[in-house]
Structure formats: structure tokens, C-alpha cells
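Notes for the structure review
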Amino acid sequence: TFLNRLWCIVELFIFEQMHSFDFETARDATLSSHVKLRLCPGCDLQHLERFFVADAVCFVPEDAERLLACIEVSCGSIEGFNARTRQLL
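The shown structure was predicted, so the numbers you read here are calculated from the model rather than taken from an experiment. (Residues numbered from 1 in each chain as written. Predicted model: local features only at pLDDT ≥ 70, side-chain atom pairs only at ≥ 80, totals over all residues. Heavy atoms only, no water.)

**Overview of the overall build of the protein**
Across its full length, the protein holds five helices and zero strands. Put simply, the protein has 89 residues, and 34% of those count as buried. Sequence-distant contacts in the protein: of pairs separated by 6 or more residues, those separated by 24 or more amount to 73%. In the form shown here, the protein has an accessible surface area of approximately 6100 Å², with 56% of it arising from carbon and sulfur atoms. (Helix = DSSP H or I, 4+ residues; strand = E, 2+ residues; numbered from the N terminus. Buried < 20%, exposed > 50% of the residue type's maximum accessible area, 1.4 Å probe, protein only. Contact = heavy atoms within 4.5 Å. Areas by Shrake-Rupley, 256 points an atom, 1.4 Å probe, with all protein chains shown as cover.)

**Focus: the nonpolar core**
Core analysis: the largest hydrophobic core is formed by 21 residues, its most contacted members being Leu 3, Leu 6, Ile 9, Phe 51, Val 53, Ile 71 and Phe 81. Contributing elements (two or more residues each) for this core: helix H1 (6–19), helix H4 (61–75) and helix H5 (78–88). Ranked by the residues each element gives to this core, the list is headed by H1, at six residues. In this structure, Leu 6 is in contact with Val 53, Ala 56, Val 57, Cys 58, Ala 64, Leu 67 and Leu 68, ignoring residues within four places of it in sequence. (Core = buried A, V, L, I, M, F, W, Y, C linked by side-chain atoms within 4.5 Å.)

**A word on the side chain of Asn 82**
Within the secondary structure layout, Asn 82 lies in helix H5. For Asn 82, a relative accessible area of 0% corresponds to the buried category. In this structure the side chain of Asn 82 is engaged in a polar contact, spanning 2.9 Å, whose partner is the backbone nitrogen of Val 53. (Polar contact = N/O pair within 3.5 Å; in protein donor to acceptor, adjacent residues only side chain to side chain.)

**Considering H5**
Buried within H5 we find Ile 78, Phe 81, Asn 82, Thr 85 and Leu 88. Across the axial projection of H5, the buried residues extend over an arc of 125°, all falling on one side. (Arc of directions from axis to C-beta.)

**Here we look at the environment of Asp 63**
Within the fold, Asp 63 resides in helix H4. Note on Asp 63: relative accessible area 28%, which makes it partly exposed. Placed 56 residues apart in sequence, Asp 63 and Trp 7 show a C-alpha to C-alpha distance of 9.1 Å. Among residues more than four places away in sequence, those in contact with Asp 63 are Trp 7 and Cys 58.

As C-alpha cells, then:
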């Protein structure tokens, strides 16, 4: 699924960084729900609660190492990124 592929997660991360969306305070709750569903089609609550970016897979192991390092530097920690992603989704 979407959350199992590291490149997909990185795309979501970049989207969020570029647009600084705050879905929790969005004025239009309907739009907020619609966007959340489109960002993670097929994701259920259990899947989101168990999300851990280091479990995501990447075809090229070296890519995974570099992507995870970028995420860690940008968010301060892998857990910080995990928490932010759970909130976004």
C-alpha cells in the first residue's frame, strides 16, 4: 500500500513541507476529510496508528538510507516524522 512504499511517503512529506497544510485547523471540515482520504487511499485507522517510516520499503537499499537520513534531519527524528505523518493522514 501507499504507506509501505518509502518514495510515496517522501512525496507526501515534500507536499506537506511545500504547502504547510494544517488539516486540524482547516476551516472546511469536508475539504479536510476529502484531502485526507485522497492522500492515503485504502488506509484504515489501524494502519495509520502502526505507521513507522523505517518499516517502509525501497527497491534500492541505498536510496532508503539516504531518504531516511533526509527525513530525520528535516524533522529532528524519525519519531517526529512518524507523528507528523499520522497527524497529516
